[in-house]
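Per-entry structural report
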Amino acid sequence: MVHQYKNNGYNIVLDVNSGAIHVVDDVTYDAIAMYEESDRDTIVKKLKDKYKECPPDAFGGKVDEAYICEALDEIEQLRQRQELFTQDVYEDYIGDFKRRPTVVKALCLHIAHDCNLKCRYCFADEGEYHGKRELMSFEVGKAALDFLIANSGSRKNLEVDFFGGEPTMNFQVVKDLVAYGREQEKIHDKKFRFTLTTNGVLLNDEIMEFANREMGNVVLSIDGRREIHDYMRPAKGGQGSYDTVVPKFQKFADSRNQNNYYVRGTFTHHNLDFSKDVLHLAKLGFKQISVEPVVARETDDYAIRETDLEQLFAEYDALAAEMVKRHGTDQDFNFFHFMIDLEGGPCVAKRLSGCGSGTEYLAVTPAGDLYPCHQFVGNEKFLMGNVFDGVVRTDISDEFKGCNVYAKEKCRECFAKFYCSGGCAANSYNFHGDIHNAYDIGCALQKKRVECAIMIKAALAENN
Amino acid sequence: MKHIKTLNTKKLQNTVKKGGCGECQTSCQSACKTSCTVGNQTCENAR
C-alpha cells in the first residue's frame, strides 16, 4: 500500500508496509501513482504528454523519455529493495503476537475522584466519573502496586500515572505510594516510572520538588489562550483558572529544564483556530506542547463536527509550516502529535497491536476497581475486577486482547495504521458501541497529523 | 538517486524478528490520554 500526498511544497510518498518515506519530484510522483496500474510505455506516453508544455529547466532537465525512464528505474529499484509497493505480511504475525500471554505493565491510578475545577468538557464528570467524590486510600494504592508487580511477569519497567480528578487533592497518598514503590522495586527487581497529571491549582514548591525528584513525566493541563482556557476550565465558582496556573506551570517547566513534561490542552468546536493556542503556549515559554481534539457526545455544543474538519486540517498545516520555520531558533518547540521517530521508532508489533488498554494497561478507581482504561471508568459494563482479587472478568480482557488493527475493518486499508495502532478503543465505543470500530473524526485528524509530521521531517531533511 | 530522496533507513519488516519485547511505554501514558499515538514512541532497545 502506498499513500501519496502533497504538503507545503513537498511531494511525499509513504510506503505503508515498510514505513519508508520518500520525497520525490513531480514526474516521479505521477509515475508512482500509475505504476501498479499501467505498463511502462503507457506511463512514459502519458507523462510526456502531461509535461510537454513545461519549460526545459523546470525539473532540472527536459521531461523527455530519458527523464521519465530514469524516474521509473529509480521506482523499480525501491520496489526491489522492498521500500515501495511492499506487501502487508504482518496479519498472522500480529495475531500470534496478540495471543501470547500478556502482563500488566501500566496502571492509571485514580488518586482522587474529586476536582477543584469544573471543566466543561470533562469526560470524568468533573472528577467524579459518574460516582461519588472519593479519594484513594494508601491501602488501595498499595494493593494496586502489589497487583502490578505480581502481574508484570519478567517486565522490568512499570508505569504508574497519578491521575484523577485532580491527584494533588490527595497528594500525601501519592508521596506514600511513591515511597512504597521505591521500596518494592528493589525487592522485585523492577523499575517504577511515575507520572503525574495535574490541573495546577494546588501546585506548590513542595509538589514541584517532589515531582522533579520522582516523576519521569508530568502532564500539565492548560488549553492555551486566556479566554479559551478560562471558558472551558473555570473554577467551581465560575472564575477562570488561567492566572492561577500559568505562572506555576512556567516555573515547573523551567525547573524540569523544559524536558520530561507536557503542557496538554484540549481544543473544541469553540476554538477551531487551535494553532493560536499552541503558539500561545509556545509564547509563554513552553517547549513541550500537546493540544488535542476533545472527545464529546455529538449533542455537546463543544463537540467537533465533520464540518469543522476542513478548518482543522488548515490549522494543522499552518502549525506544521510554522514549526518548520522555527526549527533551530530559540522559538522552536515540540508538538506531541507531530513527533515521529523515523529511525528508532517502535517495532511493528507495537505499532499494530493497539494501545494496550484492558490488557497491559488498566485504570484503578479510588475504591480499587479495575477498568480497561481511564476512559471506561464508571461504566459498569467494563468493570473487570479489583486490585485485591485481580481481574475476574477475563472475557473483557480477552475482548481487548483481540483488538488490533486487523480486527478493525476501517483500519485495514488505512495508511496511518502504523502510527495510531488502531486508535482509541474508548472513542470507538463511545461513538459506535463497539471497541472494534473507529471514531471517524478522530481518524481524519490523526491522518492529517501523520501527514504533517512527515512533511516536517521532509522539510528538515532538505534544510540539513 | 536523482528523483527520489528517502528519509528513513529503518524498514518495518526488519523489526519483526527482534521486536515485540514489550518493554516500551504504553501508548496512552504519556501526553495524550484520548488519541492513541504510537509512531512517536521510543523503542526501549534503541535507547
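Residues numbered from 1 in each chain as written. Chains lettered and ligands numbered in written order. Predicted model: local features only at pLDDT ≥ 70, side-chain atom pairs only at ≥ 80, totals over all residues. Heavy atoms only, no water.

So, the overall build of chain B
Rules: The helix count covers DSSP runs of H or I at least four residues long, the strand count covers runs of E at least two residues long, and both are numbered beginning at the N terminus. Note on classification: 1.4 Å probe, protein chains only; a residue is buried when its accessible area is under 20% of the maximum for its type, exposed when over 50%, partly exposed between these limits. Note on areas: Shrake-Rupley, 1.4 Å probe, and residue coverage restricted to the protein chains presented here.
A count of helical and extended segments in chain B gives one helix and one strand. Expressed as a percentage of its 47 residues, the buried residues of chain B come to 62%. When the accessible surface of chain B is split by element, carbon and sulfur atoms take 50% of a total near 2,100 Å².

Some words on the pairing of strand β2 (residues 10-15) of chain A
All names here are of chain A. Operational definition: Think of it this way: DSSP has to see at least two bridges between two strands before they count as a pair.
Most of β2 is tucked away, with six of its six residues classed as buried. Two strands pair when backbone bridges link them, and strand β1 (residues 2-7) and β2 are joined in this way by six bridges, in the antiparallel orientation. The residue of β2 that forms the bridge with Y5 is I12. Hairpin remark: β1 followed by β2, antiparallel, with two residues in the connecting loop; positive phi at N8, about 55°.

Thoughts on the sheet that holds strand β3 (residues 20-24) of chain A
So the rule is basically this: Here an angle of 0 to 180 degrees is reported between the N-to-C directions of two axes, which are lines fitted to C-alpha atoms, with helices fitted over the stretch in contact. Whether two residues are in contact is decided by their heavy atoms: any pair within 4.5 Å suffices.
Read from one edge of the open sheet, four strands run β1(A)-β2(A)-β3(A)-β1(B), paired in antiparallel fashion. Strand pairing shows two members of the sheet lacking a second neighbour, β1 of chain A together with β1 (4-6) of chain B, which therefore form its edges. Each adjacent strand pair in this sheet contributes to an overall mean axis angle of 25°, direction not counted. Here four bridges tie β2(A) to β3(A), and the two strands are oriented antiparallel to one another. Bridging from a neighbouring strand, V13(A) pairs with H22(A) of β3(A). Contacting β1, β2 and β3 of chain A together with β1 of chain B, helix α1 (residues 26-35) of chain A runs over the sheet at an angle of about 150° to β1(A).

Structural notes on helix α16 (residues 425-432) of chain A
Residue pairs three or four apart in sequence face the same way in an α-helix, which turns once every 3.6 residues. Residues of α16(A) that are buried include every one of A425(A), A426(A), N427(A), S428(A) and Y429(A), and no others. Just beyond α16(A), the residue with positive phi is G433(A), at close to 70°.

With respect to the packing of aromatic side chains
All names here are of chain A. Quick reminder of the rule: Any Phe, Tyr or Trp ring, taking Trp's six-membered ring, that has another such ring centre within 6.5 Å forms a pair; planes under 30 degrees apart are called stacked, those over 60 apart edge-to-face, and the others tilted.
Following the criterion strictly, the structure yields 19 aromatic pairs over all chains and no others. Summarising the aromatic geometry, the rings of Y35 and F85 are spaced 5.4 Å apart at their centres and angled 10° between planes, so their arrangement reads as stacked. One end of the pair, Y35, is in helix α1; the other, F85, is in the loop between α3 (65-80) and α4 (91-99), and 50 residues separate them in sequence. Note on F85: relative accessible area 9%, which makes it buried. Here the aromatic rings of F335 and F338 are separated by 4.9 Å at their centres, their planes lie at 70°, and the arrangement is edge-to-face. Each of the two residues, F335 as well as F338, counts as buried. Taken together through their ring pairs, the aromatic side chains of F267, F274, Y316, F335 and F338 make up a single cluster.

Things to note about the layout of surface pockets
Spelled out, the test is: Any residue with an atom within 4 Å of a point lines the site, the site being either a cavity, points on a 1 Å grid over the protein atoms alone where a 1.4 Å probe fits but cannot get out, or a pocket, an open set with protein on both sides within 12 Å along at least 5 of 7 lines. Grid points are joined across faces, edges and corners, and a volume is the space filled by probe spheres set on the points. When residues are grouped by polarity, Ala, Val, Leu, Ile, Met, Phe, Trp, Tyr, Cys and Pro land in nonpolar, Asp, Glu, Lys and Arg in charged, and all others, Gly among them, in polar.
In this structure, the largest pocket encloses a volume near 960 Å³. Taken together, 32 residues make up the lining of the largest pocket; nearest its centre are Y262(A), F336(A), M339(A), N40(B) and T42(B). Of all the elements in the fold, those that place two or more residues in the lining of the largest pocket are β8 (191-198), β9 (215-221), β10 (261-267), β12 (334-335) and α17 (440-463) of chain A. Among the elements that line the lining of the largest pocket, the one with the most residues is α17(A), at four residues. Its residues assigned to classes, the lining of the largest pocket comprises 12 nonpolar, 13 polar and seven charged. In this structure, the second largest pocket is lined by 24 residues; those nearest its centre are C122(A), F123(A), H130(A), R297(A) and N430(A). For the lining of the second largest pocket, the class distribution of residues is 12 nonpolar, six polar and six charged.

Side note on the pattern of salt bridges
Residue and element names in this part refer to chain A. For clarity, the cut-off: We define a salt bridge as a side-chain nitrogen of Lys or Arg found within 4 Å of a carboxyl oxygen belonging to Asp or Glu.
Counting across every chain of the model gives 31 salt bridges over all chains. With its nearest N and O atoms 3.1 Å apart, the salt bridge here joins K52 to D49. For K52, a relative accessible area of 54% corresponds to the exposed category. Between K410 and D440 there is a salt bridge, and its shortest N-O distance comes to 2.9 Å. In this pair, K410 sits in helix α14 (residues 409-412) while D440 sits in helix α17, placing the two residues 30 residues apart along the sequence. A relative accessible area of 40% means that K410 is categorised as partly exposed.

Here we look at helix α10 (residues 275-283) of chain A
All names here are of chain A. This is how it is decided: Directions pointing from the helix axis toward each C-beta atom define the arc.
For α10, the complete set of buried residues consists of S275, D277, V278, L281 and A282. Each buried residue of α10 lies within a common arc of 165° when the element is viewed along its axis, so the set occupies one face. The inward-facing, buried residues of α10 abut α8 (226-232), β10, β11 (288-293), α11 (309-326) and β12. Just downstream of α10, G285 is the residue with a positive phi angle, here 105°.

Quick look at empty space enclosed by the protein
Residue and element names in this part refer to chain A. This model, assessed by the stated rule, comprises five cavities of 30 Å³ or more. When its volume is computed, the largest cavity comes out at roughly 510 Å³. If you go around the largest cavity, you meet 30 residues; those closest to its centre are Y121, F123, F163, S221 and R233. Secondary-structure elements contributing two or more residues to the lining of the largest cavity are β8, β9 and β10. By residue number, the principal contributor to the lining of the largest cavity is β10, which donates three residues. Looking at the lining of the largest cavity, its residues break down into 13 nonpolar, 11 polar and six charged.

Concerning the interface of chain B and chain A
Operational definition: By buried area we mean how much accessible surface two parts lose on assembly, using a 1.4 Å probe and totalling the loss over both. Under this definition, polar contacts are N or O atom pairs within 3.5 Å; protein pairs additionally need one hydrogen-donor-capable and one acceptor-capable atom, and for neighbouring residues in sequence, both atoms have to be side-chain atoms.
With 42 residues of chain B at the contact, the number on the chain A side is 82 residues. Regarding the contact of chain B and chain A, the summed buried area is about 5,200 Å², with carbon and sulfur atoms giving 52% of it. Joining chain B to chain A, the criterion identifies two salt bridges. The residue E23(B) makes a salt bridge to R155(A) at a minimum N-O spacing of 3.8 Å. Summed over the shared surface of chain B and chain A, the result is 24 residue pairs in polar contact (both at pLDDT 80 or more). For the side of chain B that touches chain A, the secondary structure elements donating two or more residues are β1 and α1 (15-18) of chain B.

Read these as spatial facts, not as claims about activity.
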